[in-house]
Structure formats: C-alpha cells, structure tokens
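What the coordinates show
Below, each chain spelled out in residue letters.
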Amino acid sequence: MCGIVGYVGPREAPPILVSGLRKLEYRGYDSAGLATISDHHVEVRRSVGKLDNLDAMLREQPLNGTPGVGHTRWATHGRPSEQNAHPHRAGKVVVIHNGIIENFLELRHALAKRGRSMASETDTEVISHLIDEFVAQGCGLAEATRRAIAELEGSFAIVVLSESEPDRLVAAKNATPIVLGLGDGENFVASDIPAMLEHTRRVVFLEDGEVAEVTADRALITTFDGTPVERQPKVVAWDAVTAQKGGYKHFLLKEIHEQPQAIIDTMRGRILQEEGGVQLDIEVTDNLPADIKRCVLVACGTAWHACLVGKFLIERLAGIPCEVDYGSEFRYRDPVLGPGTLLIVVSQSGETADTLAAVEAGRERGAPVLAVCNVVDSSIARRAGGVLYTHAGPEISVASTKAFTTQLTALYLLGLSLGRQRGVVDADRGRQLLSDLVAIPALVKEALGREKLIERVAKKYGQAQDFLYLGRGINYPVALEGALKLKEISYIHAEGYPAGEMKHGPIALINEEMPVVVLIPHDAVFEKTLSNLKEVEARGGRIIVVTDAKTADLEEVAWEVLEVPATNELLTPILLTLPLQLMAYHVAVYRGTDVDQPRNLAKSVTVE
Ligand code: BG6
C-alpha cells in the first residue's frame, strides 16, 4: 500500500508533491521519490527510507519543474533501496505505482527478449518499459498507457509522466484506489484524499478499468478500451486527520475494514485454482526443505495466536507434527531442532526482538527458517532463509487486526501447499479448499457489515470488569485473540480458555457479572461446546455467542448471538475473529481509552 501523488498546473510541483506525500506516509515509508518535467526533460530524485531523506536530498540537489509525480513506497517486490524506489523510468516515460503486478516475471522475460534491461527488482518497472515502447511506436501517452495495461495482470494504480507530452499526467486504476482532485487551473492525482485536501475538496474517484488523462484545465476519463466516461466531482468535508484514517475515527477501525482487501492481496498470485494447488513465492519454495519431519512455530502477541491456528492448519492439511512457542520462551529453552525441523516464525513488523532471537537460535542449530512477515526486508525477513509475505499493507494501530487475518491466510496457503506436495491433499480437495478461501473476502465484508449489532452489545457489556472467552479446537486461539484485543485497548481483564478446560478451574470465576464470549461454529465439536455453554449458563454467566448459524439451541442459552457467515472449518478462525475485533474496539471507544496507541504498548517491541 504505497502513497502516490501527481500535480499538473502552473506552480512548481516538488513542494506540492512533498507535502502531499507527507500526508500519505502512513501508507508506506520504505523509500520515496519524485519526478518532474524540467526544461522539457524528466528529472528524477529518489531516496531510501523516510520522506525526510528525500527532503534532505532535494536541499542538496534541488528539483523544479511541473507537472510532477511523487511516491512513498511500501515494499512488496524488491527490498527497500534507492534502486527499487519509484518513480521508475524507461526512455521518456516515468511511472509510479501502487499494487502488485502478478505476471511481472513473464513481462520481464519478454521485454528482455526485445532488448530492454531492468534497473530494479520491482514489478513496477515493466510498466514504464511497456508504455515507453508504445510511445516510441507513435502512440499518444493515454493510448500507450491503455495498450500497456492490457498486458498487465494484478492490481495497479499508476500515474505516468512523459517527455513526449509534458503538459499532462495519465492515471489508471485496477483494484487499488486513485482519486483526482480538481483545482482552479490546476489538477491533482493521488492514492488518497489527504494528499490534496489543502488544495481542493472537489474530487473524482476513478473506478476499476478506468484511465484519466489530466492536464491543468481538464481531466478526461475513459475505460481501458477508450470509451469516454462522464463523472461528477464530489465535495469532501473531511479534515486532514480524518482523511488519513479514510474517514474512520481510528486507524484500528480502518484496518479492521481493510481486511477484505488485505486478504485478497495476500492470496493474489498464489492460487492455482485449476490444479487445486498453491504457487508460493520463490523466496519460500527455494528455502523449504524437501523432507519436513516437524514444524516449530514461534512468535509473540497476536502473531503467536496465528501460530496456534497455523499448527492446526499444517497438521490437518499436510500431516506434519507442529509445536508452538513464545519467542521469549523459545530462545532460552535450548530447543531441539535440526535439519528435518522447519522453524516458522511469524511477525507483522519483522522487528520483534524475541522472535528475531528465535530466528538466530534456529540458524545456530542449522534448522531451515521460514518467516511469515508483513514488512518487506525487515530484520526477521532478512535473517530467515525464506519469507512468505502477508500483504496487509502498513498496520498503524498498535493492536494487530488485518495482520492477524492475513497471517491466517498465509498459513492456510502454506499448509495447503505442503499438503499438495506430500499428497495429503488431492487436486479435488485442493480446488474445494481454494474456492472456500477465494470466497472469504466477501464473507469478511458481510460479517463486518453487522457492526451496528456488535456496537450495541459492546456498549451493553462494556462496564464489566472481567471477560472470559471460550473456544475449542482451531478456534481456541481465536478465544485467546479476542481476550487479548479487549485487554490491549480497553484495559479490561480478559482470559481466553479452551472451552472444555473451563470446568477444571476458571468456571469458579463465573457469576452474573461475568460476560462469557463463546465461539461455537457448527463444526465437529459443536455439541461438546454446547454442553460447555450450558455449564456457564448454570452458573449465571452472561453468554455472548459467536457462531455461524443462529440455531434455536444457541438462542435458548445465549444473552446475545453474533453471527458470521459459514465457511469450511479451517477458515472459521478468520470470520469468528471479526466480531471480537469490533467488540473490543467499541468497548474501548465506549470506555474512552486511546484506541490506536493504548498505554504501555508498542507496535513492535525491539528490545528483549
Ligand atoms: C506487540 C504488538 O508489541 O507485538 C502486538 O502490540 C503484536 O500487536 C506483537 O502482536 C508482536 O508483533 P509482531 O510485529 O512481531 O507481529
């Protein structure tokens, strides 16, 4: 999730672009760059790291000119470096891009055969070369862009600048956001409204499959095949901070609602539906040992809960025995590893010290290490042998939400890939398991659509001093995650527990004051969990049921029933987590805590 900005008009572009990028830095901060037309030539300035570095470079190597484009990067393909920073130039053309080009390797090979050489590791650079080829064949910039787009597979929001037509920008959208800002005698393009709010409130959102040709006094929109599109501008009332949160009150709520797209981006390019197989990235397949005898999954916080679900997925889908450990414990227990053991570490930030230490412990013992990370080229990603990236985009709020559900998605794909390799899962079952996964983003959207009811329940029980969360099997870790979310942001004491284990202790805590959240999908252990529910009811607990079907036997005992759509058992953790995220959020808002930066916590703990 990168930040992109474009300006076309009479003013010098660089200061407008830099201030726009500042408003978008929450979208990515691995590198930044600008390009302008200066004296009829494209000029580019790029630097690795935060925007301040680019600012410092511009003081040493001033840039002027207009129009211009700017980019702040969240790396997906190619590590953070100046070479991989955008804009990417090819001949007369420069391109900035947000999204993932799935077929970039094929396009690279084809371009190389046509004598084109790549200067970066990115997927984006192929777009600059394709457009430049069509410009060289005499196409106008908009037409050249349309023709190049026809060869792309994946998600892209791009802005193109070229010496061939120095008075315009061309933007195109497929699956990632682009908005035009209409000014007086000048116009703007950006991935998000905050970048242009100080200049205009008149905006036009591009839809998927559209291209916009933008000059200082007009914006012409067509479809990818050139059909003109008429669209009235909207007027935005948001202030700058609200705009950064996309109109949401908190980054946490924004990130909860970004989960459908984050899950799509995490499975993008990795599903081979016809074969019922999984195409994991080269960084993974090159580093997975041929004969895995055992997996050890290690992480901290929410990522540790993802490991517990991962154990279930890998054992069920691939038949490989798994163990799970906390990073802080693993590093000191002198773990028994060795070549046949795959050490899987999970970390959103890729910087958590305890998890990084686990990677080192694995390397010292000669164990192959696979990381599941969200931040490209983070320390853990660099130290691990292989890395399976989740593509959740930057997660700003301290409490982790979209990173968790994308970790579950990545571990499901890993389990399925190993299961297919080992013949535990055949092609038919593989196809079924994949189509269930492909259906998940829409089901997540549906579940999040029931927020109003969850908000009401949160307010009704938000005064409680203690909460108990119960789950069984693959959803026991979800009970732990629900309890952690509530603890993290509302400061209420909460405990997650295996439902069947409750009668061996925590049942003593239950009274009329205690809300008990029970995860009970209609799966193989439904009846067992129902009897645990009845044990809670008998002690007067206030039962909040989270399930995939509002059946009479549940309505009978529950004070509240929160329903999510049904899916296969192995994917229920993704859906059952959602009401727990929203409940914790609304309890925290109700209690007035600092939702995005709760006390005593940090987004990533880089010290032991
Ligand atoms: C904590 C965060 O500091 O670290 C949690 O507050 C997170 O949200 C945990 O789950 C682990 O972080 P990471 O980046 O290693 O997944």
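Quick summary incoming for the structure in this document.

Criteria and thresholds
Residues numbered from 1 in each chain as written. Predicted model: local features only at pLDDT ≥ 70, side-chain atom pairs only at ≥ 80, totals over all residues. Heavy atoms only, no water. Helix = DSSP H or I, 4+ residues; strand = E, 2+ residues; numbered from the N terminus. Rg over C-alpha atoms; globule rule 2.2 N^0.38 Å. Buried < 20%, exposed > 50% of the residue type's maximum accessible area, 1.4 Å probe, protein only. Contact = heavy atoms within 4.5 Å. Pairing = 2+ DSSP bridges. Axes fitted to C-alpha atoms, helices over the stretch in contact; angles between N-to-C directions. Salt bridge = Lys/Arg side-chain N within 4 Å of Asp/Glu carboxyl O. Polar contact = N/O pair within 3.5 Å; in protein donor to acceptor, adjacent residues only side chain to side chain.

Within the protein chain, the regular secondary structure consists of 20 helices and 27 strands. A compact globule built from 608 residues would reach a C-alpha radius of gyration of about 25 Å, and the protein chain, at 25 Å, matches this within 12%. Its C-alpha atoms give the protein chain principal-axis dimensions of about 80 × 55 × 45 Å. Expressed as a percentage of the 608 residues in the protein chain, the buried residues total 62%. Pairs at least 24 residues apart make up 71% of the contacts formed inside the protein chain by residues separated by at least 6 positions.

So, about the sheet that holds strand β12 (residues 210–214). Spatially, seven strands are ordered β5-β6-β7-β8-β12-β13-β14 in an open sheet, and the strand pairing comes out antiparallel. Two strands lie at the open edges of the sheet, namely β5 (88–90) and β14 (228–229), each paired on one side alone. Helix-sheet contacts for helix α4 (residues 125–136) involve β5, β6 (93–101) and β7 (154–162), and the interaxial angle to β6 is about 135 degrees.

Okay, the pattern of salt bridges next. One pass over the structure, following the stated rule, counts 42 salt bridges. The partner of arginine 333 in a salt bridge is aspartate 325, with the nearest N and O atoms 2.4 Å apart. Connected through salt bridges with shared partners, the residues Glu165, Asp167, Arg168 and Glu213 form a single ionic network.

What follows covers unusual backbone geometry. The omega torsion across threonine 66 and proline 67 is -5 degrees, close enough to zero to call that bond cis. Mapping proline 67 onto the fold places it in the loop between α2 (51–60) and β4 (68–73). If you check the backbone angles, aspartate 39 has positive phi at about 50 degrees while not being a glycine. Residue placement: aspartate 39 occurs in the loop between β2 (31–38) and β3 (41–48). Under the relative-accessibility criterion, aspartate 39 is labelled exposed at 65%.

Attention shifts here to the sheet that holds strand β15 (residues 234–235). The sheet built from eight strands is open, its strands ordered β3-β2-β4-β1-β10-β9-β11-β15 with antiparallel pairing. Two strands in the sheet have a free side with no partner beyond their single neighbour: β3 and β15. Examined bridge by bridge, β2 and β3 share eight bridges and lie antiparallel to one another. Paired with alanine 32 across the two strands is serine 47, which belongs to β3. The sheet strands contacting helix α1 (residues 13–24) are β1 (3–8), β2, β4 and β10 (187–190), and the helix crosses β1 at an angle near 155 degrees.

Moving on, we come to the side chain of threonine 122. Position of threonine 122 among the secondary structure elements: in the loop between α3 (104–113) and α4. Within the structure, threonine 122 has its side chain in polar contact with the backbone nitrogen of glutamate 125 (distance 3.3 Å). Beyond its immediate sequence surroundings of up to four residues, threonine 122 is in contact with Arg73, His77, Asn84, His88, Phe104 and Arg108.

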